[in-house]
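Chain by chain, the residues:
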Amino acid sequence: RYAGTPLLFLAGEADRIVPAEQVAALARRYPHAEYRVLPGADHLQGLKADPDGYRETVLSFLKQAFG
């Protein structure tokens, strides 16, 4: 259903709940998906771990995907 939808998957490098490799495996199932690892981030802590990097990653994806 979402095969043509741009998707962004973010994984925390230090995530012990949903390891980055599991997120990567999910992202590989979608042809228009992007996958990024947030350095040093634990589960759902990407914004806290690196606010500037997180913001840049998300905004860059949105600009590329939607203009």
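Residues numbered from 1 in each chain as written. Predicted model: local features only at pLDDT ≥ 70, side-chain atom pairs only at ≥ 80, totals over all residues. Heavy atoms only, no water.

Quantified by volume, the largest pocket comes out at close to 170 Å³. What lines the largest pocket is a set of 13 residues, and nearest its centre among them are Leu-10, Ala-11, Gly-12, Asp-15 and Leu-44. (1 Å grid on protein atoms, 1.4 Å probe; cavity = no way out; pocket = protein on both sides within 12 Å on 5 of 7 lines; lining within 4 Å. Points joined across faces, edges and corners; volume = space filled by probe spheres on them.)

Right, let's get into the side chain of Glu-34. Counting through the fold element by element, Glu-34 comes out in strand E2 (residues 33–38). The residues contacting Glu-34, other than those within four sequence positions of it, are Leu-7, Leu-8, Phe-9, Phe-61 and Gln-64. (Helix = DSSP H or I, 4+ residues; strand = E, 2+ residues; numbered from the N terminus. Contact = heavy atoms within 4.5 Å.)

This part takes up the packing of aromatic side chains. This structure, assessed with the given rule, holds two aromatic pairs. Relative to Phe-66, the ring of Phe-61 lies with its centre 6.5 Å away and its plane at 90°, an arrangement referred to as edge-to-face. Assessed through its relative accessible area of 7%, Phe-61 is described here as buried. Residue class for Phe-66 comes out exposed when judged on its relative accessible area of 57%. (Phe/Tyr/Trp six-rings, centres within 6.5 Å; stacked < 30°, edge-to-face > 60°. Buried < 20%, exposed > 50% of the residue type's maximum accessible area, 1.4 Å probe, protein only.)

Our next topic: helix H1 (residues 20–27). Residues of H1 that are buried: Ala-20, Val-23, Ala-24 and Ala-27. Along H1, the residues classed as buried sweep out an arc of 100° about the axis, all on the same side. Buried residues along H1 sit in contact with strand E1 (7–12) and E2. (Arc of directions from axis to C-beta.)

Time to look at the pairing of E2. Regular strands have side chains that alternate between both faces of the sheet. When E1 meets E2, the two strands line up parallel, connected through six bridges. When the bridges of E2 are listed, Leu-10 appears paired with Arg-36. Taken together, E1, H1 and E2 form a β-α-β motif whose crossover is right-handed. (Pairing = 2+ DSSP bridges. Right-handed = clockwise from strand over helix to strand, strands pointing away.)

So, on to a nonpolar patch on the surface. Taken together, the side chains of Leu-59, Leu-62 and Phe-66 define a hydrophobic patch exposed on the protein surface, amounting to about 310 Å² of accessible area. Looking at the secondary structure, you find Leu-59 in helix H3 (residues 51–66). (Patch = residues over 30% accessible without salt bridge, like charges linked within 9 Å, V, L, I, M, F, W, Y side chains within 5 Å. Areas by Shrake-Rupley, 256 points an atom, 1.4 Å probe, with all protein chains shown as cover. Salt bridge = Lys/Arg side-chain N within 4 Å of Asp/Glu carboxyl O.)

With that out of the way, let us pick up the confidence of the model for the chain. Mean pLDDT over the chain stands at 95; residues scoring 70 or higher make up 100%. Within the chain, the lowest mean pLDDT, 95, falls on helix H2 (residues 46–49), and the highest, 98, falls on H1. (pLDDT = per-residue confidence, 0-100.)

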